[in-house]
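Examination of the molecular architecture
Single-letter residue listing:
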Amino acid sequence: MPDSTARDILVLAAHPDLARSHATRTVLDALRASPAADRVELRDLYRLYPDFHVHVEAEQRALEAARLVVMLHPIYWYSMPALQKLWWDEVPRLGWAYGPGGTALHGKDFWLVASTGGGAEAYAPGGHNHHAIGEFLLPYQQSARTCGMSWLQPQILHAAHRATDEEIRAHAELFVKRLEHFPEWCDTAVERSVGDEEAVDFDERPALFSTLGGGAA
Amino acid sequence: MSHGNWLQLPLVFLAAAVLAVPLARWLRLGSILGYLVAGVLIGPAVLALIPESTAIPEVAELGVVLMLFLVGLELEPKRLWAMRRPIFGWGSVQLLGCAAVLTAVGIALGHPWRLSVVVSLGLAMSSTAVALAVLAERNLGRTTAGESILSVALLQDIAAIPVLALVPVLALSGASDDAEGRTWLAGAKAAGAIVVIIFGGRLALRPALRWIAHSKTPEIFTAAALLLVLGTAALMQLVGLSMALGAFLAGVLLAESEYRRELETDLEPFKGLLLGLFFIAVGMGLDLKAVAAQPLFVLSVLAALLICKILVLTGMSKAMKIPLVERPAFVILLAQGGEFGFVVFQLAQSEGMINAAQNSALVAAVALSLALTPLLLTGGDRIMSQKLARLGEKKKRNEAPPVPSPIIIAGSGRYGQVIARMLRANGLEATVLDHDSEAIESLRRFEWTVYYGDATRLDMLRTAGAETARILVIAIDDIAQSVELAELAREHFPQATVVARARNVQHYYQLREAGVDHIERETFDSALMSARSVLELTGMEPHAARRQAMRFRRHNLEVLEQMVPLQRDENALIAAARLGRQQFEQLMAAEREAEDAHRRAQRGGWDRHDVEQDS
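The structure displayed is predicted, hence computed values, not measured ones.

A separate point is the overall build of chain B. Across its full length, chain B holds 26 helices and 6 strands. The buried share of chain B, reckoned over its 615 residues, is 39%.

What follows is the structure, encoded as C-alpha cells:
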C-alpha cells in the first residue's frame with residue numbers, strides 16, 4: 001500500500017545542462033508542479049555533484065528510504081550520462097547492494113524514464129541503430145536485477161529533439177500520473193527476482209495507463 | 001567680533017537647520033522649505049539672530065557651486081555633447097519665451113519697455129539650486145524632466161553673462177560703448193578660462209588626483225577635492241563667469257575618471273550643508289517688511305511671474321514630449337524665480353533703473369516663489385497622482401521587465417580580479433570598487449569599470465549601485481573591513497546575495513555570523529591541490545588523489561558548519577575542533593579500510609557465489 005505521507009519514490013535526474021534541455025526539464029517541471037511531488041525525493045545529480053564527487057552515504061540513505069527508484073535522463077551513446085554511470089560505479093556497493101549481505105535494495109522497483117535522439121523506427125533491426133531499444137537497455141535491466149530490484153517497463157520518449165511541445169507534455173504528464181498512482185499501474189509482466197513479498201499482489205491489478213511509445217524491451 | 005559671536009553663527013545655523021528640516025520633512029514639505037523657513041525665522045525680519053553684515057550669502061553660494069560640480073560628475077562629456085540641442089534650443093526657448101511674455105505683461109501694465117525687459121530677464125531665470133536639490137531629493141535626476149531642467153538651468157548659467165552685460169546697455173545711463181568694450185574683454189577672458197579648465201582638467205587633474213590618492217590619507221583627498229572645486233570657482237570669478245558654471249565644467253571633465261565616485265562621496269556632505277546654508281540665506285533675505293509695505297505689488301509680481309512662466313513651460317513640456325508624470329516637476333521647478341534674479345535687480349538698482357523699494361519687492365516676490373515651490377510641487381503631485389491612478393492600469397501593462405541588476409565586486413586584488421575576469425569571459429560586467437589606486441590603474445588599462453573608494457562606506461556603496469545590485473562579492477583582504485561590509489550589506493542591501501572571501505577560519509565564522517552563505521577560504525582549495533600533488537608524488541594515482549582531496553574537502557566543510565553555532569563559546573569550540581579532527585581522521589581511516597575490503601571482496605569473486613544462487 002502506498003503511504004501518502006512518506007517520500008517513497010526516489011527520482012534520480014541526470015542531465016549535464018538542464019538549462020538547455022527540453023524533454024528532461026519539462027518532465028521535471030511537471031513533476032514539481034504535481035501532487036506527486038509530495039511523495040518524491042528528487043535528486044538532480046548534476047546539480048548536487050557539479051564536481052563529480054558523489055556523496056555515497058547520502059545516496060545510499062536516499063535509496064534506502066525509497067520503494068521505487070526512478071532514473072530520468074537522456075540516452076547518450078546508447079547509455080546513461082557520465083555522472084549517472086559514476087553513480088552506479090560508486091553508490092551500489094558490494095556487500096550493501098549486491099553480493100554477500102548486499103540486500104539494501106532488494107524488493108524495490110526500478111523504473112527508467114529516458115529520451116532518445118533517434119526515432120522509434122531507428123531502434124529496430126532494419127533501422128540505423130540496428131537493435132531494439134530494449135537491447136540497449138540490457139545493462140540497466142541486469143544492474144537492477146543484480147541489486148534485487150524489479151524492472152518496470154521503461155517509459156521512453158523517442159526523437160526528443162524533433163518532438164513537439166505537445167508530445168513532450170504528454171510524455172511528462174504520463175510520467176507524473178504514474179508516479180502519483182504508483183504502484184497501481186505496475187506491469188503484470190514484472191519480473192521479481194530476489195525476495196519480494198509484495199510481488200504477488202500486482203498480478204490481479206489491471207494496468208491503469210497504456211505505455212507510451214514503449215520500447216520493445 | 002567677540003568670541004561669543006564667532007560661535008553664535010554656526011550655533012544658530014546648525015540649530016535652525018536641525019530643528020526646521022526634520023519638522024518640514026515630517027510635514028512632508030521637503031527639506032528645502034524647512035531651510036527657507038528656518039532662514040526667515042532667524043533672519044532680520046523675525047528673530048534677528050544673525051547680524052546683517054555677515055558673509056553668509058557668499059559662503060552659501062559655494063553650496064550651489066559644489067552642487068553643480070557634482071551634477072557635472074554625473075555627466076560624461078559625450079552625454080553633455082548629446083545634450084547641446086536641448087541646452088541651447090530649449091534653454092533659449094525657456095529664457096527668451098518667458099522673458100518675452102513677462103515683458104509683454106510689463107508693457108501692458110504701462111511700465112517702460114527697457115525696465116520691463118531687464119526685470120523680465122531677471123524673473124525668467126530659475127533657481128538652479130532649488131531645482132536640482134528637489135530633483136535629487138525626489139531622485140528625478142536621470143529622468144527626462146530632470147535632464148530637461150538641467151539643460152535649461154545650464155543655459156541660464158551661460159546666459160547670465162550676456163544678460164548682465166545687457167543691463168547697463170539698457171539702463172540709459174550712457175557709456176554703452178565702454179560697456180561693449182568691457183564685454184569683449186570679458187568674453188575673451190571667459191573663453192580663456194574655459195580653455196584652461198578643459199585642458200587643465202584633461203591633462204593635469206587625473207595624474208594629480210592619482211598622486212594624491214597614493215598618499216593614502218583620506219582627508220587629503222577630501223581636501224584636494226574641495227581645493228579643486230574652489231580653485232575652479234575662483235578662476236571663474238576672476239574672469240567674471242558664473243562660478244557654478246566653472247565647477248560644472250570641472251565636474252564633467254572628471255566624470256570619466258576613476259575618482260568620480262570618491263569625489264562624489266567626499267563632497268556630498270559639504271554640498272548638503274552649504275546648500276542648506278544657501279537656502280537659509282535665501283530665507284533670511286526675504287524682507288517681510290518690504291512685503292508688508294506693498295503687499296499688492298509683491299503679490300501681483302509673484303502672480304505674474306508664476307502664471308506667465310507656467311504657461312510658457314506647460315507649452316514647452318508638451319512640445320518636448322516630457323512624460324506626463326514628470327511634467328509638474330518640470331513646469332514648477334522652472335517656474336519659480338531664481339537667485340540670479342537678485343543679481344540682476346541689484347545691478348538694475350545700481351544703474352538707477354529701479355529704486356530700492358522696487359528692488360526689495362522684486363526680491364521678495366522671487367523669494368516667495370522659491371518658498372512656494374515645494375508647496376506647489378506637493379499640489380502638482382496630488383493632481384498628477386489622481387491622473388496617474390486613472391492611467392495606472394495602462395502603464396503597468398506597458399512597463400518593461402526590470403533591467404538585470406549589476407554585480408559589484410569589492411576589492412580588485414588578485415582574488416577579485418580572477419572573479420571579474422571570469423565574469424567577463426562569460427559576458428557579464430561587474431562594477432569593481434577598490435581603494436588601491438595602483439591596482440585600479442592596471443585594471444583600467446584593460447578597460448574595466450573600476451571605482452576608487454572605500455567599499456565599507458555606505459554612501460560609496462550606494463553610489464556604486466548597491467541598492468539595486470543582485471550580487472555583492474566581498475574580495476577585500478582586510479578582515480575587519482570585510483566583516484563590516486558584510487554586515488552593512490545585510491542591513492542596507494538585503495536584496496543582494498553576498499559571495500565572500502575568507503582569509504582564515506575565524507574570518508569564515510565571522511562572515512557566517514554576518515549572514516553570508518557563499519564563503520570560500522582563500523587558501524583552502526589551493527592547499528588541497530598541493531596535497532594532491534604530494535599524494536601523487538608518493539605514488540597515489542592522480543584520480544585517487546583527487547577523490548581523497550574532494551572527500552577531505554567535504555568533511556572539512558561539514559565540521560566547519562557544525563561549529564558555526566559554537567562560536568560564542570571558545571572552550572566548546574576548541575573541544576569541538578579537536579573532536580572534529582579526531583572523528584575526521586577516524587572516518588577517513590575507516591573509509592580507506594572499507595574501500596580495501598571492497599576491493600579484496602571483489603578479488604575474492606563474489607559472482608561465482610551469485611551465479612550459484614541464480615541457477
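Once you've had a look at it, read on.
Helix and strand counts for chain A stand at 8 helices and 6 strands. N-terminal to C-terminal, the α/β element order of chain A is β-α-β-α-α-β-α-β-α-α-β-β-α-α. For chain A, buried positions account for 37% of its 217 residues.

Attention shifts here to unusual backbone geometry. Residues and elements named next belong to chain A. Between Phe182 and the following residue, Pro183, the backbone shows a cis peptide bond with an omega angle of 0°. Among the structural elements, Pro183 can be located in the loop between α7 (165-180) and α8 (199-202). For Phe52, which is not glycine, the phi torsion reads 55° and is therefore positive. Structurally, the position occupied by Phe52 is in the loop between α2 (45-48) and α3 (56-65). Judged by C-beta crowding, with 14 C-beta atoms within 10 Å, Phe52 ranks as partly exposed. Residues other than glycine seldom take positive phi values, yet Ala159 does so here, at roughly 50°. Mapped onto the elements of the fold, Ala159 is located in the loop between β6 (155-157) and α7.

What follows concerns the interface of chain B and chain A. If you look at the interface, chain B gives 8 residues, while chain A gives 7 residues. Every element with two or more residues in the side of chain B that touches chain A is listed here: α24 (542-563), α25 (570-604) and α26 (606-614) of chain B. Its residues placed into classes, the side of chain B that touches chain A shows 3 nonpolar, 3 polar and 2 charged.

Side chains that are nonpolar tend, in soluble globular proteins, to be buried together. Counting residues in hydrophobic clusters, the biggest one holds 167 residues, and the most contacted among them are Val65, Phe69, Ile408, Ala410 and Leu472 of chain B. In terms of nonpolar packing, the next biggest core, distinct from the first, is built from 55 residues, Ala13, Leu28, Val70 and Ala172 of chain A among them.

Glancing now at the sheet that holds strand β1 (residues 407-410) of chain B. All names here are of chain B. A sheet is described by the order of its strands in space; here 6 strands give the open sequence β3-β2-β1-β4-β5-β6, paired in parallel fashion. Edge positions in the sheet fall to β3 (450-452) and β6 (518-521), since each of these pairs with one other strand and no more. Neighbour to neighbour, the strand axes of the sheet diverge by 15° on average, direction disregarded. Here strand β4 (residues 471-474) runs beside strand β5 (residues 497-502); their pairing, made up of 4 bridges, is parallel. For Leu472, the partnering residue across the bridge sits in β5 and is Val498.

Residue and element names in this part refer to chain B. Axis separation between helix α5 (residues 84-108) and helix α6 (residues 113-124) bottoms out at 8 Å; the angle between their running directions is 140°. Relative to α6, α5 is oriented oblique. The two elements α5 and α6 cross, and the hand of that crossing is right-handed. In this structure, α5 uses Leu95, Cys98, Ala99, Leu102, Thr103, Gly106 and Ile107 to contact α6, whose residues at the interface are Trp113, Ser116, Val117, Val119, Ser120, Leu121, Leu123 and Ala124. Along the lines of polarity and charge, the residues of the contact of α5 with α6 split into 11 nonpolar, 4 polar and no charged.

For chain A, per-residue confidence averages 85 on the pLDDT scale, and residues scoring 70 or more make up 83% of the total. With pLDDT under 50 throughout, residues 192-217 of chain A is counted as low confidence; its partners more than four residues away or in other chains account for 54 contacts.

For the rest of this paragraph, the subject is the environment of Leu573 of chain B. Residues and elements named next belong to chain B. Topologically, Leu573 is positioned in helix α25. Distance in space between the C-alpha atoms of Leu573 and Met563 is 6.8 Å, their sequence separation being 10 residues. Excluding residues that lie within four positions of it along the chain, Leu573 makes contacts with Met563, Leu566 and Gln567.

A word on the confidence of the model for chain B. Residue and element names in this part refer to chain B. With 89% of its residues at a pLDDT of at least 70, chain B reaches an overall mean of 79. Predicted confidence is poor over residues 173-177, with pLDDT under 50, and the contacts of this stretch with residues over four places away or in other chains come to 4 contacts. Across residues 608-615, where pLDDT falls below 50, the model places 2 contacts with residues more than four positions away in sequence or in other chains.

Our focus in this paragraph is the pairing of strand β4 (residues 109-115) of chain A. Residue and element names in this part refer to chain A. By the criterion of burial, β4 is predominantly enclosed, with 7 of the 7 residues buried. Of the pairings in the sheet, the one linking strand β3 (residues 68-74) to β4 comprises 7 bridges and is parallel in character. Among the inter-strand pairings, Met71 is bridged to a residue of β4, identified as Leu112. Traced from β3 through helix α4 (residues 82-90) to β4, the parallel crossover comes out right-handed. Both β4 and strand β5 (residues 150-151) contribute to a ladder of 2 bridges, which runs parallel. Each bridged residue has a counterpart across the sheet, and for Phe110 the counterpart in β5 is Trp151.

This part covers the pairing of β4 of chain B. Residues and elements named next belong to chain B. Of the pairings in the sheet, the one linking β1 to β4 comprises 4 bridges and is parallel in character. Bridge pairing in β4 links Ile409 to Val473. In this fold, β4 hands off to helix α21 (residues 479-492), which returns the chain to β5; that crossover is right-handed.

What follows is about the environment of Gln583 of chain B. Within the secondary structure, Gln583 of chain B sits in helix α25. For the pair Gln583 of chain B and His555 of chain B, spaced 28 residues apart in sequence, the C-alpha to C-alpha distance is 9.9 Å.

Right, let's talk about helix α11 (residues 243-254) of chain B for a bit. All names here are of chain B. A rise of 1.5 Å per residue sets the reference length of α11, with its 12 residues, at 16 Å; its end C-alpha atoms lie 17 Å apart and thus fit the reference within 8%. With 12 of 12 residues buried, α11 is to be regarded as a mostly interior element. Every buried residue of α11 is accounted for by Met243, Ala244, Leu245, Gly246, Ala247, Phe248, Leu249, Ala250, Gly251, Val252, Leu253 and Leu254.

Residue and element names in this part refer to chain B. As a packed pair, helix α2 (residues 31-42) and helix α12 (residues 260-285) sit with axes 6 Å apart at the nearest point and diverge in direction by 50°. Taken together, α2 and α12 sit at an angle that is classed as oblique. The two elements α2 and α12 cross, and the hand of that crossing is right-handed. Along its contact with α2, which presents Ile32, Tyr35, Leu36, Val37, Ala38, Gly39, Val40 and Ile42, the element α12 presents Gly276, Phe279, Ile280, Ala281, Val282, Gly283 and Met284. Considering only residue class, the contact of α2 with α12 consists of 12 nonpolar, 3 polar and no charged.

On to the environment of Ala62 of chain A, then. Residue and element names in this part refer to chain A. Examined against the element boundaries, Ala62 turns out to sit in helix α3. With 20 residues separating them along the chain, Ala62 and Leu42 place their C-alpha atoms 9.6 Å apart. In this view, Ala62 contacts Leu10, Glu41 and Arg43; residues no more than four positions away in its chain are not counted.

What counts as what
- Residues numbered from 1 in each chain as written.
- Chains lettered and ligands numbered in written order.
- Predicted model: local features only at pLDDT ≥ 70, side-chain atom pairs only at ≥ 80, totals over all residues.
- Helix = DSSP H or I, 4+ residues; strand = E, 2+ residues; numbered from the N terminus.
- Buried ≥ 20, exposed ≤ 12 C-beta atoms within 10 Å, placed from the backbone.
- Contact = placed C-beta atoms within 7 Å.
- Nonpolar A, V, L, I, M, F, W, Y, C, P; charged D, E, K, R; others polar.
- Core = buried A, V, L, I, M, F, W, Y, C linked by C-beta atoms within 7 Å.
- Pairing = 2+ DSSP bridges.
- Axes fitted to C-alpha atoms, helices over the stretch in contact; angles between N-to-C directions.
- Parallel < 35°, antiparallel > 145°, perpendicular 65-115°, else oblique.
- Left-handed = near helix turned anticlockwise from the far one by under 90°.
- pLDDT = per-residue confidence, 0-100.
- Right-handed = clockwise from strand over helix to strand, strands pointing away.
- Expected span 1.5 Å × (residues − 1).

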